[in-house]
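Below are the chains, spelled out letter by letter.
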2 protein chains.
Amino acid sequence: MQTAILLFDGMTVLDAIGPYEVFQSVPGVDVHFVARTKGEKRADFRRLGLIADFTLDEVPRPDVLLIPGTPFPASVTGDPAVLDWIRGAHETSTWTTSVCTGALGLGAAGVLDGKRATTHWLALDALRAFGATPVDQRVVRDGKIWTAAGVSAGIDMALALVGEQFGEEAAQAAQLIIEYDPQPPYDGGSTKKAPVALVEGLRAQFASLMGGQE
Amino acid sequence: MQTAILLFDGMTVLDAIGPYEVFQSVPGVDVHFVARTKGEKRADFRRLGLIADFTLDEVPRPDVLLIPGTPFPASVTGDPAVLDWIRGAHETSTWTTSVCTGALGLGAAGVLDGKRATTHWLALDALRAFGATPVDQRVVRDGKIWTAAGVSAGIDMALALVGEQFGEEAAQAAQLIIEYDPQPPYDGGSTKKAPVALVEGLRAQFASLMGGQE
């Protein structure tokens, strides 16, 4: 199952790497990191470079495409070459997926029109602009489109997708290989559980990023 | 707080990227990706390259060092330059940390002697060779040494460390930014919960890797 994960300057790395680590543990999944041009792409705050081994043109019809998120959604929504690739790949994909604000990339490519979807909690309302119905849920599947909430949610999505495609045993093996038995030290990883002041503080802090670039 | 994350050919990428994503969301944490030589390092199964921006010599005394794991522990335990760097950095570090089989790197450098530690469940017994007491727990802290179990456990460790160093509010903010409200589709991410046949199957499958390289 050819799986293409998009890389771009400004990406949030864990959005891509959580699912990658799940997918690559499954026999028969062939992960390709793709980008508009080959070579180094820098992470959102420029502390790390990842290498795209393939151009978009080299992987035009993956079975699975995955669009990671970014605090700067225009990096994807403003790139016509990437949006064309998403549209083309989605035509024949088995699964079209996103993590975090990668959903805004799917939206800008037109594939979320009339669909239920999720994204990072800070960007949930922005989905409406693309005709999507925002769903405040960690993983949302609508037909062949899977969207995950913020950053770490890509791990849960990838495991669910592997379970759907390859069966429960393959997904459980992947989960055990990455020893995914989460025990977060705080129970505040969603806006429903975190202190209100913290949620509002982060909304204010990130408003300029998300709002300024959508 | 200068934080150095080791990269090397053969690394398991999520081991490094889980904690990186937590650390980089905390104001005042400065993450550096380091390696014996600068430039591209390939992941364990060669599907991705990450760029080391700094040599070990350029970051000799980080406040935090983090050693990610690998299915090929000799990549770290067999590299004298890396082991020297670990030893030197550990002398003055605030926190010395590992994820997954990165603990075997700490062990080979001599810093786990007489300490309680954890690692990937497939490698737990191997800690004894370094004078450490294996603890079957997701995150283990012994003094200034933090070790995490397999792959995804680095996220939990990093959040706990941020809580210890910067306080609960900083850790909760990091957790909410990466929306870490885990909802794995299966409850089998540890050997205590997974089907016995699956555990034994993976032990057999990975024995040659782990056993052959420790």
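Keep in mind that what you see is a predicted model, and the values were worked out from it rather than measured. (Residues numbered from 1 in each chain as written. Chains lettered and ligands numbered in written order. Predicted model: local features only at pLDDT ≥ 70, side-chain atom pairs only at ≥ 80, totals over all residues. Heavy atoms only, no water.)

Before going further, it helps to examine the nonpolar core. Counting 136 residues, the largest nonpolar core has Ile17 and Ile86 of chain A together with Ile17 and Ile86 of chain B as the members making the most contacts within it. Membership of the second largest hydrophobic core comes to 12 residues, among which are Phe72 and Leu122 of chain A together with Leu176 and Ile177 of chain B. (Core = buried A, V, L, I, M, F, W, Y, C linked by side-chain atoms within 4.5 Å. Buried < 20%, exposed > 50% of the residue type's maximum accessible area, 1.4 Å probe, protein only.)

A full pass over the atoms with the stated rule returns 22 salt bridges over all chains. The residue aspartate 84 of chain A makes a salt bridge to arginine 87 of chain A at a minimum N-O spacing of 2.8 Å. With a gap of 3 residues between them, aspartate 84 of chain A and arginine 87 of chain A both fall in helix α3 (residues 80-92), about one helical turn apart. A salt bridge links aspartate 156 of chain A to arginine 138 of chain A, with the nearest nitrogen and oxygen atoms 2.4 Å apart. Of this pair, aspartate 156 of chain A sits in helix α5 (residues 153-166) while arginine 138 of chain A sits in the loop between β9 (133-134) and β10 (139-142), and the two are 18 residues apart along the sequence. The pair aspartate 156 of chain A / arginine 138 of chain A is uniform in exposure class, with both members buried. Each of Glu40 and Arg42 of chain A together with Asp53 of chain B takes part in a single network of salt bridges with overlapping partners. (Salt bridge = Lys/Arg side-chain N within 4 Å of Asp/Glu carboxyl O. Helix = DSSP H or I, 4+ residues; strand = E, 2+ residues; numbered from the N terminus.)

This paragraph deals with the confidence of the model for chain A. Scored by pLDDT, chain A has a mean of 95; 98% of the residues are at 70 or more. Interface confidence for the predicted complex, given as ipTM, is 0.95, next to a pTM of 0.96. (pLDDT = per-residue confidence, 0-100.)

Residues and elements named next belong to chain B. One pass over the structure, following the stated rule, counts 6 aromatic pairs over all chains. Judged by centre distance (5.9 Å) and plane angle (70°), the rings of phenylalanine 45 and phenylalanine 72 are edge-to-face. Taken as a pair, phenylalanine 45 in the loop between β3 (39-42) and β4 (49-52) and phenylalanine 72 in the loop between β6 (64-67) and α2 (74-77) lie far apart in primary sequence, 27 residues in all. You can call phenylalanine 45 partly exposed: its relative accessible area is 38%. Arranged with centres 5.7 Å apart and planes meeting at 80°, the rings of tryptophan 95 and tryptophan 146 form a pair that is edge-to-face. (Phe/Tyr/Trp six-rings, centres within 6.5 Å; stacked < 30°, edge-to-face > 60°.)

Here we come to helix α1 (residues 13-24) of chain B. Residues and elements named next belong to chain B. Across its 12 residues, α1 extends 16 Å between first and last C-alpha, which sits within 8% of the 16 Å expected from 1.5 Å per residue. Of all the 12 residues making up α1, 12 are buried; the element is thus mostly covered by neighbouring parts of the structure. Every buried residue of α1 is listed here: Val13, Leu14, Asp15, Ala16, Ile17, Gly18, Pro19, Tyr20, Glu21, Val22, Phe23 and Gln24. (Expected span 1.5 Å × (residues − 1).)

Right, let's talk about the sheet that holds strand β2 (residues 30-35) of chain A for a bit. Residue and element names in this part refer to chain A. Reading across the sheet, the 7 strands line up as β5-β2-β1-β6-β7-β11-β10 and stay open at both edges, with mixed pairing between neighbours. The two strands at the open ends of the sheet, each matched to only one other strand, are β5 (54-55) and β10. As defined by bridge partners, β10 adjoins strand β11 (residues 145-148) across 4 bridges and the pair is classed as antiparallel. Pairing of arginine 141 across the sheet is with tryptophan 146, part of β11. Sitting on the sheet, helix α1 (residues 13-24) touches β1 (2-6), β2, β6 (64-67) and β7 (95-99), and the angle it makes with β2 is about 155°. In the packing of α3 onto the sheet, the strands contacted are β1, β2, β6, β7 and β11, and the crossing angle to β6 comes to about 150°. (Pairing = 2+ DSSP bridges. Contact = heavy atoms within 4.5 Å. Axes fitted to C-alpha atoms, helices over the stretch in contact; angles between N-to-C directions.)

Here the focus is the relation of the copies chain A and chain B. Superposing chain A onto chain B requires a rotation of 180° together with a translation of 0.0 Å along the rotation axis, leaving an RMSD of 0.0 Å. Each copy turns onto its partner about a two-fold axis. Among all residues of chain A, the minimum C-alpha distance to the rotation axis is found for leucine 50 of chain A, at 2.3 Å. With an isologous cut-off of 70% or more, the 100% of interface residues of chain A that recur at the interface of chain B puts this contact in the isologous class. (Least-squares fit on C-alpha atoms with pLDDT ≥ 70 in both.)

Next up on the list: the interface of chain A and chain B. Between chain A and chain B, the contact holds 63 residues from the first and 63 residues from the second. The contact between chain A and chain B buries some 5600 Å² in all, and 60% of this surface belongs to carbon and sulfur atoms. For lysine 193 of chain B, the salt bridge goes to aspartate 181 of chain A, with nearest N and O atoms at 2.6 Å. The interface formed by chain A and chain B holds 34 residue pairs in polar contact (both at pLDDT 80 or more) in total. Of all elements in the fold, only α1, β2, β3 (39-42), β4 (49-52), α5, α6 (168-177) and α7 (196-213) of chain A reach the threshold of two or more residues within the side of chain A that touches chain B. (Buried area = accessible area lost by both parts, 1.4 Å probe. Polar contact = N/O pair within 3.5 Å; in protein donor to acceptor, adjacent residues only side chain to side chain.)

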